[in-house]
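An overview of the molecular structure
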Amino acid sequence: MTEHRASRPHSAGPRRPSGPGDHRDQRSGRAPRAGRPPSDPARQAAYEAIAAVNRDDAYANLVLSDILDGFGLHGRDAAFATELTYGTLRAIGTLDLIIAQAAGREVARIDPPARDALRLGAYQLLYTRVPSHAAVNQTVDLVRSVAPGASGFANAVMRTISETTLDAWLERVTPKYEDDPVGSLAVQHHHPQWIVRAFAEALGGDLEETARLLIEDNQPPAVHLCARPGRSDAVELADEVNGVPGAFSPYAVYLNGGAPRDLAAIRDGRAHVQDEGSQLVAAALLAAPVEGRDTKWLDLCAGPGGKTGLIGAIAAGRGAEVTAVEVAEHRARLVEQATEGMPVTVFPMDGRSVGRDPDLPEEAFDRVLVDAPCTGLGSLRRRPESRWRKQPADLPPLTRLQRELLVAALRAVRPGGVVAYVTCSPHMVETQVTVSEGARRSGVEVDFVDARPLLPPGMPGLGAGPTVQLWPHRHGTDAMFLAVLRRTS
Ligand SMILES: C[S@@+](CC[C@H](N)C(=O)[O-])C[C@H]1O[C@@H](n2cnc3c(N)ncnc32)[C@H](O)[C@@H]1O
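Residues numbered from 1 in each chain as written. Predicted model: local features only at pLDDT ≥ 70, side-chain atom pairs only at ≥ 80, totals over all residues. Heavy atoms only, no water.

The protein is annotated in an unreviewed UniProt entry as Fmu protein (SUN protein) of Actinoplanes cyaneus. Its UniProt record gives the protein the following Sequence similarities (unreviewed entry) comment, quoted word for word: "Belongs to the class I-like SAM-binding methyltransferase superfamily. RsmB/NOP family." As stated in UniProt under Function (unreviewed entry), the record for the protein gives "May act as RNA methyltransferase." (UniProt positions renumbered as here; feature names shortened; annotations may be inferred.)

So this is what it looks like as C-alpha coordinates:
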(Lines give C-alpha, C1' and ligand atoms only; values in the text may rest on other atoms or scores of the structure.)
Protein backbone atom coordinates (compact mmCIF):
# COMPACT_ATOMS: atom_id res chain seq x y z
CA MET A 1 0.00 0.00 0.00
CA THR A 2 1.54 3.23 -1.00
CA GLU A 3 -1.06 5.92 -0.75
CA HIS A 4 -3.19 7.50 1.79
CA ARG A 5 -6.01 9.95 1.73
CA ALA A 6 -7.03 12.65 4.14
CA SER A 7 -9.43 11.50 6.81
CA ARG A 8 -13.06 11.67 5.99
CA PRO A 9 -15.26 14.37 7.42
CA HIS A 10 -17.14 13.22 10.44
CA SER A 11 -20.39 12.92 8.52
CA ALA A 12 -18.90 10.31 6.17
CA GLY A 13 -18.61 7.87 9.08
CA PRO A 14 -19.62 4.23 9.00
CA ARG A 15 -23.12 2.87 9.18
CA ARG A 16 -22.41 0.27 11.83
CA PRO A 17 -24.69 0.53 14.80
CA SER A 18 -21.91 0.24 17.38
CA GLY A 19 -18.16 -0.05 17.82
CA PRO A 20 -15.77 2.67 16.76
CA GLY A 21 -18.20 3.52 14.00
CA ASP A 22 -20.61 4.76 16.64
CA HIS A 23 -18.71 7.95 17.32
CA ARG A 24 -19.27 7.72 21.01
CA ASP A 25 -16.92 7.11 23.80
CA GLN A 26 -17.32 3.38 24.31
CA ARG A 27 -17.11 3.52 28.09
CA SER A 28 -18.72 6.84 28.93
CA GLY A 29 -21.32 6.72 26.17
CA ARG A 30 -20.52 10.38 25.49
CA ALA A 31 -19.93 11.71 22.00
CA PRO A 32 -16.27 12.51 21.37
CA ARG A 33 -15.11 16.06 21.97
CA ALA A 34 -15.86 18.47 19.14
CA GLY A 35 -12.97 18.73 16.68
CA ARG A 36 -11.66 15.24 17.55
CA PRO A 37 -13.32 12.88 15.11
CA PRO A 38 -12.45 9.22 15.45
CA SER A 39 -9.99 7.87 12.92
CA ASP A 40 -11.15 7.43 9.35
CA PRO A 41 -13.47 4.57 8.34
CA ALA A 42 -10.77 2.50 6.59
CA ARG A 43 -8.68 2.40 9.77
CA GLN A 44 -11.72 1.77 11.92
CA ALA A 45 -12.69 -1.12 9.67
CA ALA A 46 -9.16 -2.53 9.85
CA TYR A 47 -9.20 -2.14 13.63
CA GLU A 48 -12.55 -3.95 13.87
CA ALA A 49 -11.24 -6.84 11.79
CA ILE A 50 -7.99 -7.11 13.76
CA ALA A 51 -9.87 -6.93 17.05
CA ALA A 52 -12.34 -9.60 15.90
CA VAL A 53 -9.44 -11.88 14.98
CA ASN A 54 -7.59 -11.39 18.26
CA ARG A 55 -10.60 -11.16 20.56
CA ASP A 56 -13.05 -13.63 19.00
CA ASP A 57 -10.70 -15.97 17.12
CA ALA A 58 -12.40 -14.83 13.91
CA TYR A 59 -10.86 -15.44 10.49
CA ALA A 60 -9.90 -12.16 8.84
CA ASN A 61 -10.91 -13.26 5.36
CA LEU A 62 -14.37 -14.22 6.65
CA VAL A 63 -15.13 -11.16 8.80
CA LEU A 64 -13.56 -8.50 6.65
CA SER A 65 -16.09 -8.27 3.84
CA ASP A 66 -19.00 -7.75 6.28
CA ILE A 67 -17.00 -5.13 8.16
CA LEU A 68 -16.12 -3.32 4.92
CA ASP A 69 -19.81 -3.38 3.96
CA GLY A 70 -20.76 -2.13 7.41
CA PHE A 71 -18.44 0.85 7.03
CA GLY A 72 -19.63 1.45 3.48
CA LEU A 73 -16.12 1.02 2.07
CA HIS A 74 -15.52 0.26 -1.60
CA GLY A 75 -12.74 0.47 -4.16
CA ARG A 76 -9.54 2.10 -2.96
CA ASP A 77 -10.80 2.62 0.58
CA ALA A 78 -11.71 -1.06 0.88
CA ALA A 79 -8.32 -2.01 -0.59
CA PHE A 80 -6.56 0.24 1.94
CA ALA A 81 -8.51 -1.26 4.85
CA THR A 82 -7.74 -4.76 3.57
CA GLU A 83 -4.04 -4.04 3.24
CA LEU A 84 -3.93 -2.56 6.76
CA THR A 85 -5.77 -5.56 8.19
CA TYR A 86 -3.79 -8.26 6.45
CA GLY A 87 -0.44 -6.52 6.77
CA THR A 88 -0.90 -5.88 10.49
CA LEU A 89 -2.08 -9.41 11.21
CA ARG A 90 0.84 -10.95 9.33
CA ALA A 91 3.42 -8.77 11.07
CA ILE A 92 2.06 -9.02 14.61
CA GLY A 93 5.06 -10.93 15.99
CA THR A 94 7.49 -8.23 14.88
CA LEU A 95 5.17 -5.30 15.64
CA ASP A 96 4.75 -6.58 19.20
CA LEU A 97 8.49 -6.66 19.77
CA ILE A 98 8.76 -3.05 18.62
CA ILE A 99 5.70 -1.87 20.58
CA ALA A 100 7.02 -3.58 23.71
CA GLN A 101 10.34 -1.73 23.41
CA ALA A 102 8.67 1.59 22.70
CA ALA A 103 6.16 1.14 25.52
CA GLY A 104 8.64 -0.27 28.02
CA ARG A 105 6.28 -3.12 28.79
CA GLU A 106 5.20 -6.45 27.32
CA VAL A 107 2.30 -6.19 24.90
CA ALA A 108 0.46 -8.76 27.03
CA ARG A 109 0.25 -6.00 29.66
CA ILE A 110 -1.45 -3.53 27.29
CA ASP A 111 -5.26 -3.54 27.18
CA PRO A 112 -6.37 -5.46 24.08
CA PRO A 113 -8.21 -2.57 22.37
CA ALA A 114 -5.24 -0.21 22.79
CA ARG A 115 -2.82 -2.99 21.86
CA ASP A 116 -4.64 -3.79 18.60
CA ALA A 117 -4.89 -0.10 17.70
CA LEU A 118 -1.14 0.28 18.36
CA ARG A 119 -0.38 -2.71 16.18
CA LEU A 120 -2.36 -1.11 13.38
CA GLY A 121 -0.62 2.22 13.98
CA ALA A 122 2.87 0.72 14.14
CA TYR A 123 2.20 -1.16 10.91
CA GLN A 124 1.29 2.10 9.18
CA LEU A 125 4.37 3.85 10.51
CA LEU A 126 6.84 1.13 9.63
CA TYR A 127 5.45 -0.75 6.64
CA THR A 128 3.41 1.76 4.62
CA ARG A 129 3.99 5.18 3.11
CA VAL A 130 1.32 6.72 5.32
CA PRO A 131 2.91 9.94 6.59
CA SER A 132 4.03 9.67 10.22
CA HIS A 133 1.84 12.46 11.51
CA ALA A 134 -1.24 10.87 9.95
CA ALA A 135 -0.39 7.44 11.38
CA VAL A 136 0.19 8.89 14.84
CA ASN A 137 -2.85 11.17 14.88
CA GLN A 138 -5.21 8.59 13.43
CA THR A 139 -4.03 5.97 15.89
CA VAL A 140 -4.45 8.28 18.86
CA ASP A 141 -7.95 9.16 17.63
CA LEU A 142 -8.73 5.49 17.25
CA VAL A 143 -7.46 4.67 20.74
CA ARG A 144 -9.49 7.56 22.12
CA SER A 145 -12.63 5.91 20.75
CA VAL A 146 -11.85 2.30 21.69
CA ALA A 147 -9.80 2.72 24.90
CA PRO A 148 -10.32 6.30 26.06
CA GLY A 149 -8.02 6.10 29.07
CA ALA A 150 -5.09 4.99 26.94
CA SER A 151 -4.84 7.81 24.41
CA GLY A 152 -1.94 9.55 26.16
CA PHE A 153 -0.05 6.29 26.41
CA ALA A 154 -0.79 5.52 22.73
CA ASN A 155 0.42 8.96 21.74
CA ALA A 156 3.73 8.44 23.56
CA VAL A 157 4.25 4.96 22.10
CA MET A 158 3.44 6.04 18.57
CA ARG A 159 5.74 9.03 18.79
CA THR A 160 8.56 6.86 20.08
CA ILE A 161 8.09 4.39 17.25
CA SER A 162 7.93 7.17 14.68
CA GLU A 163 11.33 8.53 15.78
CA THR A 164 13.18 5.47 14.48
CA THR A 165 13.26 3.86 11.04
CA LEU A 166 12.09 0.32 10.39
CA ASP A 167 15.66 -0.81 9.73
CA ALA A 168 16.84 0.64 13.02
CA TRP A 169 13.94 -0.97 14.91
CA LEU A 170 14.68 -4.30 13.28
CA GLU A 171 18.31 -3.95 14.23
CA ARG A 172 17.21 -3.53 17.87
CA VAL A 173 14.66 -6.33 18.10
CA THR A 174 16.14 -8.96 15.76
CA PRO A 175 18.69 -11.53 16.93
CA LYS A 176 21.94 -11.38 14.97
CA TYR A 177 21.75 -13.67 11.94
CA GLU A 178 25.18 -15.14 12.72
CA ASP A 179 24.06 -16.13 16.23
CA ASP A 180 20.50 -17.18 15.54
CA PRO A 181 19.60 -17.36 11.84
CA VAL A 182 16.16 -18.86 12.42
CA GLY A 183 15.27 -16.24 15.05
CA SER A 184 16.53 -13.53 12.77
CA LEU A 185 14.50 -14.70 9.76
CA ALA A 186 11.44 -15.11 11.96
CA VAL A 187 11.49 -11.46 13.07
CA GLN A 188 12.49 -10.02 9.71
CA HIS A 189 9.86 -11.95 7.78
CA HIS A 190 7.06 -12.23 10.32
CA HIS A 191 6.81 -15.93 11.00
CA PRO A 192 6.98 -17.87 14.29
CA GLN A 193 10.35 -19.52 14.78
CA TRP A 194 9.00 -23.07 14.82
CA ILE A 195 7.48 -22.54 11.37
CA VAL A 196 10.71 -21.05 9.99
CA ARG A 197 12.56 -24.08 11.38
CA ALA A 198 10.07 -26.49 9.77
CA PHE A 199 10.33 -24.73 6.39
CA ALA A 200 14.12 -24.70 6.56
CA GLU A 201 14.17 -28.42 7.31
CA ALA A 202 11.87 -29.17 4.37
CA LEU A 203 14.14 -27.07 2.15
CA GLY A 204 17.17 -29.16 3.14
CA GLY A 205 18.52 -26.52 5.51
CA ASP A 206 18.93 -23.87 2.79
CA LEU A 207 18.30 -20.66 4.73
CA GLU A 208 18.60 -18.37 1.72
CA GLU A 209 15.83 -20.25 0.02
CA THR A 210 13.86 -20.29 3.27
CA ALA A 211 14.04 -16.49 3.30
CA ARG A 212 12.67 -16.39 -0.26
CA LEU A 213 9.78 -18.60 0.84
CA LEU A 214 9.03 -16.40 3.86
CA ILE A 215 8.99 -13.30 1.66
CA GLU A 216 6.58 -15.00 -0.73
CA ASP A 217 4.41 -16.05 2.19
CA ASN A 218 3.84 -12.38 2.95
CA GLN A 219 2.46 -11.65 -0.52
CA PRO A 220 -1.28 -11.93 -1.14
CA PRO A 221 -1.72 -14.85 -3.54
CA ALA A 222 -3.39 -14.49 -6.93
CA VAL A 223 -6.75 -16.20 -7.26
CA HIS A 224 -6.53 -19.33 -9.43
CA LEU A 225 -9.48 -20.88 -11.20
CA CYS A 226 -9.79 -24.48 -12.31
CA ALA A 227 -11.44 -24.85 -15.71
CA ARG A 228 -13.36 -28.09 -15.24
CA PRO A 229 -12.43 -30.53 -17.99
CA GLY A 230 -15.34 -31.42 -20.26
CA ARG A 231 -17.14 -28.23 -19.24
CA SER A 232 -14.60 -25.57 -20.00
CA ASP A 233 -11.12 -24.95 -21.34
CA ALA A 234 -8.39 -22.93 -19.63
CA VAL A 235 -7.52 -20.80 -22.67
CA GLU A 236 -11.15 -19.93 -23.41
CA LEU A 237 -11.87 -19.34 -19.75
CA ALA A 238 -8.86 -17.03 -19.45
CA ASP A 239 -10.26 -15.00 -22.37
CA GLU A 240 -13.70 -14.90 -20.82
CA VAL A 241 -12.55 -13.73 -17.38
CA ASN A 242 -9.72 -11.54 -18.62
CA GLY A 243 -7.22 -13.81 -16.85
CA VAL A 244 -4.10 -15.71 -17.86
CA PRO A 245 -3.76 -19.47 -18.42
CA GLY A 246 -1.74 -21.09 -15.62
CA ALA A 247 1.96 -21.83 -15.96
CA PHE A 248 1.68 -25.53 -15.09
CA SER A 249 -1.78 -27.00 -14.64
CA PRO A 250 -3.66 -27.42 -17.93
CA TYR A 251 -6.81 -26.42 -16.06
CA ALA A 252 -5.49 -23.31 -14.32
CA VAL A 253 -6.38 -19.70 -15.00
CA TYR A 254 -4.88 -16.85 -12.97
CA LEU A 255 -7.40 -14.10 -12.27
CA ASN A 256 -6.23 -10.52 -12.60
CA GLY A 257 -8.57 -9.26 -9.92
CA GLY A 258 -12.25 -9.04 -9.23
CA ALA A 259 -14.46 -11.25 -7.15
CA PRO A 260 -14.64 -14.81 -8.48
CA ARG A 261 -18.20 -15.23 -7.22
CA ASP A 262 -19.29 -12.65 -9.80
CA LEU A 263 -18.06 -14.80 -12.69
CA ALA A 264 -20.64 -16.61 -14.83
CA ALA A 265 -18.22 -19.55 -15.24
CA ILE A 266 -18.22 -20.10 -11.46
CA ARG A 267 -21.96 -19.70 -11.13
CA ASP A 268 -22.77 -22.17 -13.89
CA GLY A 269 -20.27 -24.83 -12.76
CA ARG A 270 -17.74 -24.57 -15.60
CA ALA A 271 -14.98 -23.57 -13.18
CA HIS A 272 -14.18 -23.35 -9.51
CA VAL A 273 -11.67 -21.44 -7.43
CA GLN A 274 -8.68 -23.66 -6.68
CA ASP A 275 -4.99 -23.11 -6.13
CA GLU A 276 -2.97 -24.44 -9.07
CA GLY A 277 -0.98 -26.70 -6.72
CA SER A 278 -4.18 -28.43 -5.62
CA GLN A 279 -5.09 -29.00 -9.26
CA LEU A 280 -1.67 -30.48 -9.96
CA VAL A 281 -1.71 -33.00 -7.14
CA ALA A 282 -5.28 -34.11 -7.86
CA ALA A 283 -4.45 -34.55 -11.56
CA ALA A 284 -1.25 -36.42 -10.63
CA LEU A 285 -3.28 -39.15 -8.93
CA LEU A 286 -5.20 -39.65 -12.16
CA ALA A 287 -2.01 -39.64 -14.29
CA ALA A 288 -0.39 -42.52 -12.37
CA PRO A 289 -0.46 -45.71 -14.44
CA VAL A 290 -2.66 -48.54 -13.11
CA GLU A 291 -3.10 -51.92 -14.75
CA GLY A 292 -6.57 -53.29 -15.44
CA ARG A 293 -9.80 -51.78 -14.18
CA ASP A 294 -9.73 -48.03 -13.69
CA THR A 295 -13.29 -47.00 -12.86
CA LYS A 296 -13.55 -46.92 -9.06
CA TRP A 297 -12.00 -43.86 -7.49
CA LEU A 298 -12.12 -42.79 -3.85
CA ASP A 299 -11.59 -39.35 -2.29
CA LEU A 300 -11.21 -40.03 1.42
CA CYS A 301 -11.09 -36.44 2.76
CA ALA A 302 -13.23 -34.61 0.27
CA GLY A 303 -14.66 -31.51 1.96
CA PRO A 304 -15.26 -28.86 0.78
CA GLY A 305 -14.85 -30.51 -2.60
CA GLY A 306 -12.20 -28.58 -4.53
CA LYS A 307 -10.23 -31.63 -5.60
CA THR A 308 -13.37 -33.77 -5.90
CA GLY A 309 -14.69 -31.15 -8.34
CA LEU A 310 -11.70 -31.68 -10.61
CA ILE A 311 -11.52 -35.45 -10.12
CA GLY A 312 -15.28 -35.78 -10.72
CA ALA A 313 -15.08 -33.76 -13.95
CA ILE A 314 -12.25 -36.00 -15.22
CA ALA A 315 -14.13 -39.13 -14.06
CA ALA A 316 -17.10 -38.08 -16.21
CA GLY A 317 -14.84 -38.08 -19.29
CA ARG A 318 -13.13 -41.38 -18.40
CA GLY A 319 -16.19 -43.42 -17.42
CA ALA A 320 -15.15 -43.65 -13.77
CA GLU A 321 -17.18 -43.20 -10.57
CA VAL A 322 -16.00 -41.34 -7.52
CA THR A 323 -16.82 -42.16 -3.92
CA ALA A 324 -16.27 -39.03 -1.84
CA VAL A 325 -15.98 -39.32 1.94
CA GLU A 326 -16.07 -36.42 4.37
CA VAL A 327 -16.53 -36.66 8.13
CA ALA A 328 -18.02 -33.19 8.71
CA GLU A 329 -21.63 -33.16 7.53
CA HIS A 330 -21.74 -29.53 6.48
CA ARG A 331 -18.55 -30.03 4.47
CA ALA A 332 -20.02 -33.18 2.92
CA ARG A 333 -22.92 -31.04 1.71
CA LEU A 334 -20.42 -28.64 0.15
CA VAL A 335 -18.89 -31.59 -1.72
CA GLU A 336 -22.35 -32.46 -3.05
CA GLN A 337 -22.80 -28.91 -4.30
CA ALA A 338 -19.30 -28.82 -5.80
CA THR A 339 -19.87 -32.02 -7.77
CA GLU A 340 -23.40 -31.52 -9.03
CA GLY A 341 -23.93 -33.37 -12.29
CA MET A 342 -20.73 -35.41 -11.86
CA PRO A 343 -20.45 -39.17 -11.26
CA VAL A 344 -19.71 -38.59 -7.57
CA THR A 345 -21.44 -40.14 -4.56
CA VAL A 346 -20.82 -38.39 -1.26
CA PHE A 347 -20.78 -40.22 2.08
CA PRO A 348 -20.70 -38.16 5.28
CA MET A 349 -18.60 -40.60 7.31
CA ASP A 350 -15.22 -41.24 8.85
CA GLY A 351 -12.66 -42.23 6.25
CA ARG A 352 -11.04 -44.56 8.76
CA SER A 353 -14.02 -46.90 8.59
CA VAL A 354 -12.61 -48.75 5.58
CA GLY A 355 -13.43 -52.44 5.97
CA ARG A 356 -16.00 -51.70 8.68
CA ASP A 357 -18.62 -49.99 6.54
CA PRO A 358 -20.24 -51.56 3.45
CA ASP A 359 -19.77 -48.30 1.51
CA LEU A 360 -16.03 -48.46 2.12
CA PRO A 361 -14.93 -52.03 1.43
CA GLU A 362 -11.28 -53.10 1.45
CA GLU A 363 -9.40 -53.61 -1.84
CA ALA A 364 -12.27 -52.02 -3.78
CA PHE A 365 -10.79 -48.91 -5.39
CA ASP A 366 -8.37 -48.34 -8.25
CA ARG A 367 -7.28 -44.86 -7.21
CA VAL A 368 -7.52 -43.23 -3.80
CA LEU A 369 -6.82 -39.65 -2.76
CA VAL A 370 -6.00 -38.84 0.88
CA ASP A 371 -5.97 -35.04 1.04
CA ALA A 372 -5.32 -35.20 4.75
CA PRO A 373 -6.31 -32.66 7.37
CA CYS A 374 -3.09 -30.84 8.24
CA THR A 375 -1.63 -27.73 9.84
CA GLY A 376 -2.02 -25.84 6.55
CA LEU A 377 1.47 -24.37 6.87
CA GLY A 378 1.62 -24.48 3.07
CA SER A 379 -1.11 -21.88 2.64
CA LEU A 380 -0.18 -19.22 5.19
CA ARG A 381 -0.43 -16.64 2.38
CA ARG A 382 -4.19 -17.04 2.38
CA ARG A 383 -4.95 -16.46 6.07
CA PRO A 384 -2.80 -13.71 7.53
CA GLU A 385 -3.50 -14.57 11.17
CA SER A 386 -3.07 -18.31 10.85
CA ARG A 387 0.72 -18.44 11.36
CA TRP A 388 0.30 -17.03 14.89
CA ARG A 389 -2.56 -19.33 15.80
CA LYS A 390 -0.95 -22.58 14.87
CA GLN A 391 1.13 -24.32 17.50
CA PRO A 392 3.59 -27.20 17.48
CA ALA A 393 1.13 -28.95 19.82
CA ASP A 394 -1.30 -29.16 16.86
CA LEU A 395 1.00 -31.68 15.21
CA PRO A 396 0.68 -34.90 17.25
CA PRO A 397 -3.11 -35.35 16.95
CA LEU A 398 -3.03 -34.36 13.29
CA THR A 399 -0.20 -36.69 12.36
CA ARG A 400 -1.95 -39.58 14.11
CA LEU A 401 -5.10 -38.87 12.07
CA GLN A 402 -3.07 -38.50 8.86
CA ARG A 403 -1.39 -41.86 9.46
CA GLU A 404 -4.69 -43.58 10.21
CA LEU A 405 -6.29 -42.13 7.08
CA LEU A 406 -3.32 -43.23 4.96
CA VAL A 407 -3.54 -46.73 6.43
CA ALA A 408 -7.28 -46.76 5.60
CA ALA A 409 -6.53 -45.63 2.03
CA LEU A 410 -3.94 -48.37 1.55
CA ARG A 411 -6.52 -50.91 2.70
CA ALA A 412 -9.20 -49.46 0.42
CA VAL A 413 -7.08 -49.60 -2.72
CA ARG A 414 -6.84 -52.87 -4.64
CA PRO A 415 -3.46 -54.47 -5.31
CA GLY A 416 -2.07 -52.71 -8.38
CA GLY A 417 -4.00 -49.54 -7.60
CA VAL A 418 -2.53 -46.23 -6.44
CA VAL A 419 -2.92 -43.93 -3.46
CA ALA A 420 -1.99 -40.24 -3.51
CA TYR A 421 -1.22 -38.82 -0.08
CA VAL A 422 -1.45 -35.02 -0.14
CA THR A 423 -1.03 -32.29 2.46
CA CYS A 424 -1.10 -28.53 2.23
CA SER A 425 1.85 -28.46 4.57
CA PRO A 426 5.54 -28.99 3.94
CA HIS A 427 6.22 -29.95 7.59
CA MET A 428 8.32 -33.13 7.41
CA VAL A 429 6.36 -34.71 10.24
CA GLU A 430 3.17 -34.39 8.19
CA THR A 431 4.81 -35.41 4.94
CA GLN A 432 7.74 -37.83 4.85
CA VAL A 433 7.30 -39.13 8.40
CA THR A 434 3.56 -39.75 8.03
CA VAL A 435 3.99 -41.46 4.68
CA SER A 436 6.73 -43.83 5.78
CA GLU A 437 5.02 -44.61 9.10
CA GLY A 438 1.60 -45.07 7.45
CA ALA A 439 3.03 -47.37 4.80
CA ARG A 440 4.87 -49.40 7.46
CA ARG A 441 1.83 -49.78 9.71
CA SER A 442 -0.68 -50.52 6.95
CA GLY A 443 0.24 -54.20 6.74
CA VAL A 444 0.18 -54.07 2.92
CA GLU A 445 3.12 -54.00 0.53
CA VAL A 446 3.63 -50.74 -1.30
CA ASP A 447 6.05 -49.20 -3.78
CA PHE A 448 6.66 -45.49 -4.05
CA VAL A 449 5.77 -44.20 -7.52
CA ASP A 450 7.97 -41.35 -8.73
CA ALA A 451 5.48 -38.47 -8.58
CA ARG A 452 7.57 -36.08 -10.69
CA PRO A 453 6.58 -37.46 -14.11
CA LEU A 454 2.93 -37.27 -13.03
CA LEU A 455 3.21 -33.49 -13.06
CA PRO A 456 3.34 -31.45 -16.28
CA PRO A 457 6.61 -31.79 -18.22
CA GLY A 458 9.18 -29.10 -17.62
CA MET A 459 8.07 -28.17 -14.11
CA PRO A 460 11.16 -26.92 -12.33
CA GLY A 461 12.20 -27.46 -8.74
CA LEU A 462 10.63 -30.85 -8.12
CA GLY A 463 13.60 -32.26 -6.21
CA ALA A 464 15.01 -35.77 -6.22
CA GLY A 465 11.68 -37.65 -5.98
CA PRO A 466 9.87 -39.93 -5.52
CA THR A 467 7.71 -37.51 -3.53
CA VAL A 468 7.12 -33.93 -4.64
CA GLN A 469 6.97 -30.74 -2.63
CA LEU A 470 5.53 -27.67 -4.37
CA TRP A 471 6.42 -24.22 -3.06
CA PRO A 472 4.97 -20.69 -3.32
CA HIS A 473 8.37 -19.18 -4.14
CA ARG A 474 9.27 -21.87 -6.71
CA HIS A 475 5.94 -22.58 -8.35
CA GLY A 476 3.56 -19.81 -7.30
CA THR A 477 1.35 -22.47 -5.67
CA ASP A 478 0.54 -23.37 -2.11
CA ALA A 479 3.17 -25.66 -0.59
CA MET A 480 1.41 -28.92 -1.47
CA PHE A 481 3.12 -32.21 -0.72
CA LEU A 482 2.43 -35.30 -2.86
CA ALA A 483 3.42 -38.93 -2.34
CA VAL A 484 2.10 -41.61 -4.69
CA LEU A 485 2.10 -45.23 -3.48
CA ARG A 486 1.21 -48.34 -5.46
CA ARG A 487 -0.18 -51.27 -3.52
CA THR A 488 1.66 -54.38 -4.59
CA SER A 489 -0.02 -57.05 -2.46
C1 LIG B 1 -7.41 -30.74 3.63
S2 LIG B 1 -9.11 -30.88 3.80
C3 LIG B 1 -9.58 -31.57 2.25
C4 LIG B 1 -9.70 -30.54 1.15
C5 LIG B 1 -10.43 -31.08 -0.05
N6 LIG B 1 -9.83 -32.31 -0.55
C7 LIG B 1 -10.51 -30.07 -1.16
O8 LIG B 1 -9.66 -30.11 -2.08
O9 LIG B 1 -11.39 -29.21 -1.13
C10 LIG B 1 -9.29 -32.26 4.85
C11 LIG B 1 -10.72 -32.67 5.07
O12 LIG B 1 -10.70 -33.91 5.77
C13 LIG B 1 -11.83 -33.95 6.61
N14 LIG B 1 -11.60 -35.00 7.61
C15 LIG B 1 -10.98 -34.90 8.80
N16 LIG B 1 -10.98 -36.10 9.42
C17 LIG B 1 -11.59 -36.97 8.59
C18 LIG B 1 -11.90 -38.34 8.68
N19 LIG B 1 -11.56 -39.06 9.75
N20 LIG B 1 -12.56 -38.92 7.65
C21 LIG B 1 -12.91 -38.18 6.56
N22 LIG B 1 -12.66 -36.87 6.44
C23 LIG B 1 -12.00 -36.27 7.43
C24 LIG B 1 -11.90 -32.55 7.16
O25 LIG B 1 -13.19 -32.28 7.64
C26 LIG B 1 -11.54 -31.73 5.92
O27 LIG B 1 -12.70 -31.38 5.23
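Now that the structure has been shown, we can carry on.
If you trace the backbone, Asn218 turns up in the loop between helix H11 (207-217) and strand S1 (224-227). On the basis of relative accessibility, which here comes to 17%, the residue Asn218 falls in the buried class. At 2.7 Å, the side chain of Asn218 forms a polar contact with the side chain of Arg387. (Helix = DSSP H or I, 4+ residues; strand = E, 2+ residues; numbered from the N terminus. Buried < 20%, exposed > 50% of the residue type's maximum accessible area, 1.4 Å probe, protein only. Polar contact = N/O pair within 3.5 Å; in protein donor to acceptor, adjacent residues only side chain to side chain.)

What follows is about the pattern of salt bridges. Applying the stated criterion across every chain, the model contains 26 salt bridges. In this structure, Asp57 engages Arg389 in a salt bridge whose closest nitrogen and oxygen atoms are separated by 3.9 Å. In this pair, Asp57 is assigned in the loop between helix H1 (41-56) and helix H2 (60-70) and Arg389 in helix H17 (residues 386-389), connecting sequence segments 332 residues apart. When its relative accessible area of 28% is taken as the criterion, Arg389 is described as partly exposed. In this structure, Glu209 engages Arg474 in a salt bridge whose closest nitrogen and oxygen atoms are separated by 2.7 Å. Of the two residues, Glu209 is situated in helix H11 and Arg474 in helix H20 (residues 472-475); the sequence distance between them amounts to 265 residues. Given the relative accessible area of 9%, Glu209 is considered buried. Arg474 sits in the partly exposed class, given a relative accessible area of 32%. Each of Asp96, Arg115, Asp116 and Arg119 takes part in salt bridges that share partners, so that together they form one network. (Salt bridge = Lys/Arg side-chain N within 4 Å of Asp/Glu carboxyl O.)

Once that is clear, we can look at the site of the ligand. Around the ligand sit 20 residues, and of these Gly306, Glu326, Arg331, Gly351 and Asp371 come closest. For the ligand, a nitrogen atom lies 2.7 Å from a polar atom in the side chain of Asp371. Protein chains bury 85% of the 600 Å² of accessible surface belonging to the ligand in isolation. Broken down by secondary-structure element, the contributors of at least two residues to the shell around the ligand are helix H15 (306-318) and helix H18 (395-412). Here the residues of the shell around the ligand sort into ten nonpolar, four polar and six charged. (Near = heavy atom within 4 Å. Areas by Shrake-Rupley, 256 points an atom, 1.4 Å probe, with all protein chains shown as cover. Nonpolar A, V, L, I, M, F, W, Y, C, P; charged D, E, K, R; others polar.)

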